[in-house]
Amino acid sequence: MVGGRYEVAFRLYPYRKVAEQDMEPRRHRVVIVGGGPVGMAAALDLGLRGTPVLLLDDHDGPGLGSRAICFSKRTLEIADRLGCGDALLEKGVQWSVGKVFHGAERVFEFNLQPEKGHKYPAFINLQQPYFEKFLIDEVRRAQSRGAPIEIRGCNQVTGLRERSDFVELDVETPDGAYQIEADWLIACDGARSPVRDMMGLGFDGRVFEDNFLIADVRMTADFPTERWFWFEPPFKDSGQSALLHKQPDDIWRIDFQLGWDIDRKVELDPAKIRARVDAMLGEGAQYDLVWTSIYTFQCCRMEKFRHGRVLFAGDSAHQVSPFGARGANSGIQDIDNLGWKLSMVIDGLAPESLMDSYSDERVYGAEENILNSTRSTDFLTPKSEISKIFRNAVLKLAQSHEFARPLVNSGRLSVPCVYEGMPLNGPDLLNQGPRQSRVGAPCPDAPTGQGYLLNRLPAGFVILTIDADAPAQVTEAGVSASRLALSAPEDASGALADRYLGAAASGVYLIRPDQHIAARWPEFDETAMRAAIRRAVGKD
Amino acid sequence: MPLNLAPNIPDGDGFYDELLQAHQGLSKEQSEAFNARLILILCNHIGDREVIRQALRAAAG
Ligand SMILES: Cc1cc2nc3c(=O)[nH]c(=O)nc-3n(C[C@H](O)[C@H](O)[C@H](O)COP(=O)(O)OP(=O)(O)OC[C@H]3O[C@@H](n4cnc5c(N)ncnc54)[C@H](O)[C@@H]3O)c2cc1C
């Protein structure tokens, strides 16, 4: 049987038989395996670039269970580029107050006031099935405008053979099996990636011996929109840590860290879960259990994300603990990085080796995420007596001393990685330019006097000039970069100058299609610009 | 500034006495927690990661 591993939240791409199932194998430019958030983002990104994609998923919609709830600013900015940022923002919950407890004592409270002059907040809370649905809605809109995207539900990939410059796939459907061929395959088939297994590739790292119980509860009671986190919670039987977090539709995410030696069946008994939740919310709290599950996690990654014509993205390539919300968020960044590169390679504008830079840059990102999430885990679950002594010392000091608060680590929220020192980078010659817009960084958003900067960046490569001259377009080796001309005084708030000029009077930036900065100078220099474009597409 | 490993505390005997006094009446567990807090407070005061690194090495012997 195809599918059925989980219930779906929305049936958005029901199975339909296609003529190809009764024909000789047909060759596709790009086949994506897996229609989770990462696969859908990949289909959308490539389709919007005009690169034909076929997405195969073994179910017919997003899974019912809420997994990811926290989506970061960079994910929202990427979604904005893909067309659905506003929808996500409108549905998502924004919060800024967090409280940290140790036992019954309040350790401290924080208020993450958003920095002004960005279109998107640092993060929103939203159930993963909604996130996926908004992407799929956007795929439908793109299709209606002619984007070459096809989604086939209940199509399970069961076999794979690598050929010299393509891949052969066996696909199982409710009407039986058929075969297809792909010039390029993107494996977005999740942490247990069947594609990875079929290719015999490893997934190494650390398994954490811990079980987490999730209960999503619906509660209409007046409860503040805040994030509450307990170390060693005082309520009965609640384990080592607990989290309470708001989602849309009056749903609250409750997380209990249960330890390693548990009986899953006993713990999932609704009566037992209710007893825990009662203890947390206080006697008499009115709520419904909407969804519950127990999960364990590991911090693992593949050594390389490119294997010939097969590219791995999202959980299939790397997995982290949920603390810090880096799973789906980093998967979306994989696609941000992969989409433009693959479509340039397919269009013959860049050498195939450009795809190695996808692996290099995203392995670098995955390492950063694994490091952060491992550190959070070590703080949450001290691995030795002395680490627990220090952990509790930090929590105690944080009650009265500000210095200890930044050391409290219940998850470091996902921020995009800066591709520092990577091979595609050009020169950083803007003397004392701001650190946040250094080469390798994603463009910080800023007001421009006429809307936000990221909204105004044209598609493709961009030459951003601030109070500097440059031609409207530079075409090098077939790759065009178009100019966006801004002037610092147009932004009365001064944020644009702050984020892009620093002490400099003018600046010229070369920006990649994924909005990462490829090079910067004080003024336009044609020879240097051409060299930087060549380098950024791997032609050096 | 490198880590200062030359004598630097005025009235060393007085300091030593004060340090031990602070632990007076504490159980082993309480003393360990106290030490951990003290280390964190002092490291924060120093702030310089390189100096702290040198101190960690010096303490390791
Ligand atoms: C409790 C929990 C909380 C989390 N919280 C967050 C958070 O707040 N923020 C965050 O960013 N991340 C979070 N994550 C992580 C996030 O859920 C994952 O990183 C994300 O789902 C990965 O997306 P993906 O598309 O790579 O894989 P998946 O979502 O696993 O999708 C894989 C898809 O491939 C399909 N598939 C598998 N095999 C085949 C096959 N052979 N043929 C065809 N299709 C196939 C599957 O059915 C599925 O549709 C959390 C995870 C958990 C468990």
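Residues numbered from 1 in each chain as written. Chains lettered and ligands numbered in written order. Predicted model: local features only at pLDDT ≥ 70, side-chain atom pairs only at ≥ 80, totals over all residues. Heavy atoms only, no water.

1. Section: the interface of chain A and chain B
In step 1: Across the boundary between the two partners, chain A contributes 9 residues, which contact 8 residues of chain B.
In step 2: For the pair chain A and chain B, the two sides together bury roughly 750 Å², of which 86% comes from carbon and sulfur.
In step 3: Per-residue buried area on chain A facing chain B is highest for A:Ile389, A:Phe390 and A:Phe403; these three make up 55% of the total on that side.
In step 4: At the junction of chain A and chain B, the tally comes to 0 salt bridges.
In step 5: Across the contact surface, chain A and chain B share 0 residue pairs in polar contact (both at pLDDT 80 or more).
In step 6: A class-by-class count of the residues in the side of chain A that touches chain B yields 7 nonpolar, no polar and 2 charged. (Contact = heavy atoms within 4.5 Å. Buried area = accessible area lost by both parts, 1.4 Å probe. Salt bridge = Lys/Arg side-chain N within 4 Å of Asp/Glu carboxyl O. Polar contact = N/O pair within 3.5 Å; in protein donor to acceptor, adjacent residues only side chain to side chain. Nonpolar A, V, L, I, M, F, W, Y, C, P; charged D, E, K, R; others polar.)

2. A word on the sheet that holds strand β22 (residues 507-511) of chain A
In a beta sheet, neighbouring strands pair by backbone hydrogen bonds and run either parallel or antiparallel.
All names here are of chain A.
In step 1: Here 5 strands make up an open sheet; going across it, the order is β20-β21-β19-β22-β23 and the pairing mixed. Edge positions in the open sheet fall to β20 (473-476) and β23 (517-521), since each of these has one partner strand only. Along the sheet, successive strands turn relative to each other by an average axial angle of 20°, direction set aside.
In step 2: The sheet contacts of helix α13 (residues 526-536) involve β19 (461-466), β20, β21 (479-486), β22 and β23, and relative to β20 the element is tilted by about 55°. (Pairing = 2+ DSSP bridges. Helix = DSSP H or I, 4+ residues; strand = E, 2+ residues; numbered from the N terminus. Axes fitted to C-alpha atoms, helices over the stretch in contact; angles between N-to-C directions.)

3. A short note on empty space enclosed by the protein
Residue and element names in this part refer to chain A.
In step 1: Under the counting rule described, the total for this entry stands at 1 cavity of 30 Å³ or more.
In step 2: If you add up the space inside the largest cavity, you get close to 40 Å³.
In step 3: Around the largest cavity, the lining residues are Phe212, Phe229, Ser241, Ala242, Leu243, Asp255, Phe256, Gln257 and Phe323.
In step 4: Grouping the amino acids of the lining of the largest cavity by side-chain chemistry returns 6 nonpolar, 2 polar and 1 charged. (1 Å grid on protein atoms, 1.4 Å probe; cavity = no way out; pocket = protein on both sides within 12 Å on 5 of 7 lines; lining within 4 Å. Points joined across faces, edges and corners; volume = space filled by probe spheres on them.)

4. Section: the sheet that holds strand β5 (residues 105-111) of chain A
Residue and element names in this part refer to chain A.
In step 1: Taken in spatial order, the 8 strands of this open sheet run β5-β4-β12-β13-β14-β11-β15-β18, and their pairing is mixed. Of all strands in the sheet, those bounded by a partner on one side alone are β5 and β18 (318-319).
In step 2: Sheet topology note: the strand β11 (residues 204-218)/strand β14 (residues 251-259) ladder contains 8 bridges and is antiparallel. By the bridge assignment, aspartate 216 is partnered in β14 with arginine 253.
In step 3: Docked against the sheet, helix α7 (residues 270-281) engages β11, β12 (226-231), β13 (241-247), β14 and β15 (288-301), running at close to 105° with respect to β14.
In step 4: Where helix α9 (residues 354-380) meets the sheet, its contacts fall on β11, β12, β13, β14, β15 and β18, and the angle it forms with β15 comes to roughly 120°.

5. Structural notes on the site of the ligand
All names here are of chain A.
In step 1: Close to the ligand lie 33 residues, the nearest being Tyr6, Asp57, Asp58, Arg67 and Asp315.
In step 2: Here aspartate 58 contributes a side-chain N or O atom positioned 2.6 Å from an oxygen atom of the ligand.
In step 3: Contact between the ligand and asparagine 329: an oxygen atom at 2.9 Å from a main-chain N or O atom of the residue.
In step 4: Contact with the protein chains covers 91% of the free accessible surface of the ligand, which is 1000 Å².
In step 5: Here the shell around the ligand is composed, by residue class, of 16 nonpolar, 11 polar and 6 charged. (Near = heavy atom within 4 Å. Areas by Shrake-Rupley, 256 points an atom, 1.4 Å probe, with all protein chains shown as cover.)

6. Quick word on the domain arrangement of chain A
Much of the literature gives interface size as the accessible area that the parts lose upon coming together.
Residue and element names in this part refer to chain A.
In step 1: You can read the domains of chain A as domain 1 (20-92 + 124-203 + 301-368) and domain 2 (435-536).
In step 2: The C-alpha centroid of domain 2 is placed 29 Å from the C-alpha centroid of domain 1.
In step 3: Every contact between the two is made by 14 residues of domain 1 and, on the other side, 12 residues of domain 2.
In step 4: Where domain 1 abuts domain 2, roughly 1000 Å² becomes buried across the two surfaces, and 48% of that area is made up of carbon and sulfur atoms.
In step 5: Of all residues in domain 1, the largest losses of buried area upon contact with domain 2 belong to Arg74, Trp340 and Leu349, amounting jointly to 45% of the total for that side.
In step 6: Summed over the shared surface of domain 1 and domain 2, the result is 1 salt bridge.
In step 7: When the shortest N-O distance is used, the salt bridge between glutamate 361 and arginine 512 registers 2.9 Å.
In step 8: There are 5 residue pairs in polar contact (both at pLDDT 80 or more) connecting domain 1 and domain 2.
In step 9: Counting residues per element, the ones that place at least two in the side of domain 1 that touches domain 2 are α2 (73-82), α8 (327-346) and α9.
In step 10: Residue composition of the side of domain 1 that touches domain 2, by class: 4 nonpolar, 1 polar and 9 charged. (Domains from an automatic or database assignment.)

7. Regarding unusual backbone geometry
All names here are of chain A.
In step 1: A positive phi angle is found at glutamate 232, which is not glycine, with a value near 45°.
In step 2: Relative to the elements of secondary structure, glutamate 232 occurs in the loop between β12 and β13.
In step 3: Relative accessible area serves as the criterion here: at 25%, glutamate 232 is assigned to the partly exposed category.
In step 4: Phi is positive for alanine 325, close to 55°, though the residue is something other than glycine.
In step 5: Inspection of the secondary structure assignment puts alanine 325 in the loop between β18 and α8. (Buried < 20%, exposed > 50% of the residue type's maximum accessible area, 1.4 Å probe, protein only.)

8. Structural notes on the side chain of A:Ser487
Residues and elements named next belong to chain A.
In step 1: On the secondary structure map, serine 487 appears in the loop between β21 and α12 (495-500).
In step 2: Classification of serine 487 by relative accessible area gives buried; the value is 17%.
In step 3: A polar side-chain atom of serine 487 sits 2.6 Å from a polar atom in the side chain of aspartate 467.
In step 4: Among all residues touching serine 487, those that are not within four sequence positions of it are Ile466, Asp467 and Leu496.

9. Looking at the layout of surface pockets
Residue and element names in this part refer to chain B.
In step 1: Its volume calculated, the second largest pocket comes out at about 930 Å³.
In step 2: As for the second largest pocket, its lining consists of 24 residues, of which Leu3, Asn4, Leu42, Ile46 and Ala55 are closest to the centre.
In step 3: Of all the secondary structure elements, the ones that give two or more residues to the lining of the second largest pocket are α1 (12-23), α2 (28-46) and α3 (49-60).
In step 4: Among the elements that take part in the lining of the second largest pocket, α2 stands out by supplying 7 residues, more than any other.

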